[in-house]
Amino acid sequence: MGDVITIDGPAGSGKSTVAKILAKRLGYTYLDTGAMYRAVALLVKENRIDLEDRYSLKRICESIKIRFMQQGNEQKVFLGERDISEDIRTSEIDLLSSDISLIKEVREIMTALQRRIAENANLVAEGRDMGTVVFPDARIKFFLTATFETRAMRRYVERKDKGDNISIEKIKKELAKRDTQDQSRSLAPLKPAKDAIVIDTTDMDIEKVIDEMIFHIEKS
Ligand code: DC
């Protein structure tokens, strides 16, 4: 297995942004596991699969062809030849990916897939259960947090920048629902691993967060 650095945390904690930068600095592969759950959600939506239909759900997960491709500073997500990078970042997929991530069959297949990716690469693996379940032996584990208000505002700015005319109230409602669901599920709930380094990013800019992480990585 390659060297693995895990970054977990709730939506809007800054983990995607820092994971990408950190991976680049270290020359590691950035593994966006949220995008994997989002890709499954997109297929579920487009094929109108009932979440109770575990057979079809399993089939989708087992046959999924997710590819990540670095383009400049962006990481594009592909399903086969189709670029789904935009399609998976909608409010609907935010919630549906959280819904499907509660399902045991989905988690088992995604976990196996993530571990397989780590067999041949050094990873900065980002998600909800990287340090607790998928890579319990990772060399170093980070857990990023920020206040609810800060996380909601980050999401709001992100959506506005994309030209989405969403209100801050709607963002807050959706974020609260996803927080509750991701934290309270029985399988691989969002929580820091016992040996994780917790960083509160509320009043920190990205560079400061990266500096702190590099400090810990160099020490480990
Ligand atoms: O990180 P994200 O917002 O792109 O993730 C979308 C959803 O996928 C999130 O609400 C919960 C789920 N997820 C998960 O259960 N486990 C992971 N390792 C990553 C994401």
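Refer to the structure above for everything that follows.
Residues numbered from 1 in each chain as written. Predicted model: local features only at pLDDT ≥ 70, side-chain atom pairs only at ≥ 80, totals over all residues. Heavy atoms only, no water.

1. So, the site of the ligand
Here is step 1 of the chain: Taken together, 17 residues lie around the ligand, and Arg 38, Arg 107, Arg 128, Arg 178 and Arg 185 are the ones closest in.
Here is step 2 of the chain: Within the side chain of Ser 101, an N or O atom sits 3.3 Å from an oxygen atom of the ligand.
Here is step 3 of the chain: A distance of 2.8 Å is found between an oxygen atom of the ligand and a side-chain nitrogen or oxygen belonging to Arg 128.
Here is step 4 of the chain: Compared with its free state, where it exposes 450 Å², the ligand has 98% of that area covered by protein.
Here is step 5 of the chain: Breaking the shell around the ligand down by element, the ones donating at least two residues are α2 (33-46), α4 (91-100) and α8 (168-184).
Here is step 6 of the chain: The dominant element in the shell around the ligand, judged by the number of residues it contributes, is α2, at 4 residues. (Near = heavy atom within 4 Å. Polar contact = N/O pair within 3.5 Å; in protein donor to acceptor, adjacent residues only side chain to side chain. Areas by Shrake-Rupley, 256 points an atom, 1.4 Å probe, with all protein chains shown as cover. Helix = DSSP H or I, 4+ residues; strand = E, 2+ residues; numbered from the N terminus.)

2. Concerning helix α5 (residues 104-119)
Here is step 1 of the chain: Taking 1.5 Å of rise per residue, the 16 residues of α5 would be expected to cover 22 Å, and the 23 Å separating its terminal C-alpha atoms lies within 8% of that figure.
Here is step 2 of the chain: Listed in full, the buried residues belonging to α5 are Val 106, Arg 107, Ile 109, Met 110, Thr 111, Gln 114 and Ala 118. (Expected span 1.5 Å × (residues − 1). Buried < 20%, exposed > 50% of the residue type's maximum accessible area, 1.4 Å probe, protein only.)

3. Observations regarding the sheet that holds strand β2 (residues 29-32)
In a beta sheet, neighbouring strands are held together by backbone hydrogen bonds and run either parallel or antiparallel to one another.
Here is step 1 of the chain: Strand order across the open sheet formed by 5 strands is β2-β6-β1-β7-β8, with parallel pairing between neighbours. Of all strands in the sheet, those with a lone pairing partner are β2 and β8 (197-200), marking the two edges. Strand-to-strand, the axes of this sheet are offset by a mean angle of 20°, without reference to chain direction.
Here is step 2 of the chain: Two elements, strand β7 (residues 140-145) and β8, share 4 bridges in a ladder whose sense is parallel. Within β8, the residue paired with Phe 142 across the bridge is Ile 197.
Here is step 3 of the chain: Packed on one face of the sheet, helix α1 (residues 15-26) meets β1 (4-8), β2, β6 (123-127) and β7 and runs near 175° to β6. (Pairing = 2+ DSSP bridges. Axes fitted to C-alpha atoms, helices over the stretch in contact; angles between N-to-C directions. Contact = heavy atoms within 4.5 Å.)

4. With respect to the environment of Ile 168
Here is step 1 of the chain: On the secondary structure map, Ile 168 appears in helix α8.
Here is step 2 of the chain: When the C-alpha positions of Ile 168 and Gly 80 are compared, they lie 35 Å apart, and in sequence the two are 88 residues distant.
Here is step 3 of the chain: Setting aside residues up to four positions removed in sequence, Ile 168 forms contacts with Ala 152, Met 153 and Tyr 156.

5. Focus: α1
Here is step 1 of the chain: In this model, α1 (12 residues) spans 16 Å end to end at C-alpha, consistent with the 16 Å of a helix rising 1.5 Å per residue.
Here is step 2 of the chain: Regarding α1, the residues found buried are Lys 15, Val 18, Ala 19, Leu 22 and Ala 23. Taken around the axis of α1, the buried residues stretch over an arc of 135°, which confines them to a single face.
Here is step 3 of the chain: Close packing links the buried residues of α1 with β1, β2, β6, β7 and α9 (206-219).
Here is step 4 of the chain: Remark: Gly 27 follows α1 within two positions and exhibits a positive phi of approximately 75°. (Arc of directions from axis to C-beta.)

6. Overview of the pairing of strand β3 (residues 66-71)
Here is step 1 of the chain: Of the strand pairs in this sheet, β3 and strand β4 (residues 74-79) are connected by 6 bridges, and their pairing is antiparallel. Among the inter-strand pairings, Arg 67 is bridged to a residue of β4, identified as Phe 78.
Here is step 2 of the chain: Counted between consecutive antiparallel strands, the loop separating β3 from β4 contains 2 residues, among which Gly 72 sits at a positive phi close to 60°.

7. Overview of the packing of helix α7 (residues 148-161) against α8
Here is step 1 of the chain: Closest axis-to-axis distance for the α7/α8 pair is 9 Å, and the angle between their directions is 120°. For the element pair α7 / α8, the angle class is oblique. The two elements α7 and α8 cross, and the hand of that crossing is right-handed. Listed contacts from α8 to Phe 148, Glu 149, Arg 151, Ala 152, Met 153, Arg 155, Tyr 156 and Arg 159 of α7 are Ile 168, Ile 171, Lys 172, Leu 175, Ala 176, Arg 178 and Asp 179.
Here is step 2 of the chain: Considered class by class, the residues forming the contact of α7 with α8 number 8 nonpolar, no polar and 7 charged. (Parallel < 35°, antiparallel > 145°, perpendicular 65-115°, else oblique. Left-handed = near helix turned anticlockwise from the far one by under 90°. Nonpolar A, V, L, I, M, F, W, Y, C, P; charged D, E, K, R; others polar.)

8. Remarks on the packing of aromatic side chains
Here is step 1 of the chain: Tallied over the entire structure, the rule returns 0 aromatic pairs.
Here is step 2 of the chain: Arg 67 extends its terminal NZ or CZ atom over the ring of Phe 78, reaching a point 5.1 Å from the ring centre. (Phe/Tyr/Trp six-rings, centres within 6.5 Å; stacked < 30°, edge-to-face > 60°. Lys NZ or Arg CZ within 6 Å of the ring centre and 35° of its normal.)

9. Notes on the pattern of salt bridges
Here is step 1 of the chain: With the rule as written, the count across this model stands at 21 salt bridges.
Here is step 2 of the chain: Note that Asp 94 and Arg 159 form a salt bridge whose closest N and O atoms lie 3.2 Å from each other. Taken together, the positions of Asp 94 in helix α4 and Arg 159 in helix α7 put the pair 65 residues apart, joining distant regions of the chain.
Here is step 3 of the chain: The class of Asp 94 is buried, set by a relative accessible area of 5%.
Here is step 4 of the chain: Residues Asp 179 and Arg 151 are paired through a salt bridge, measuring 2.6 Å at the closest nitrogen-oxygen approach. One end of the pair, Asp 179, is in helix α8; the other, Arg 151, is in helix α7, with 28 residues separating them in the sequence. There is no split in this pair, since Asp 179 and Arg 151 are both buried.
Here is step 5 of the chain: Residues participating in the shared-partner salt-bridge network are Arg 38, Asp 94 and Arg 159. (Salt bridge = Lys/Arg side-chain N within 4 Å of Asp/Glu carboxyl O.)

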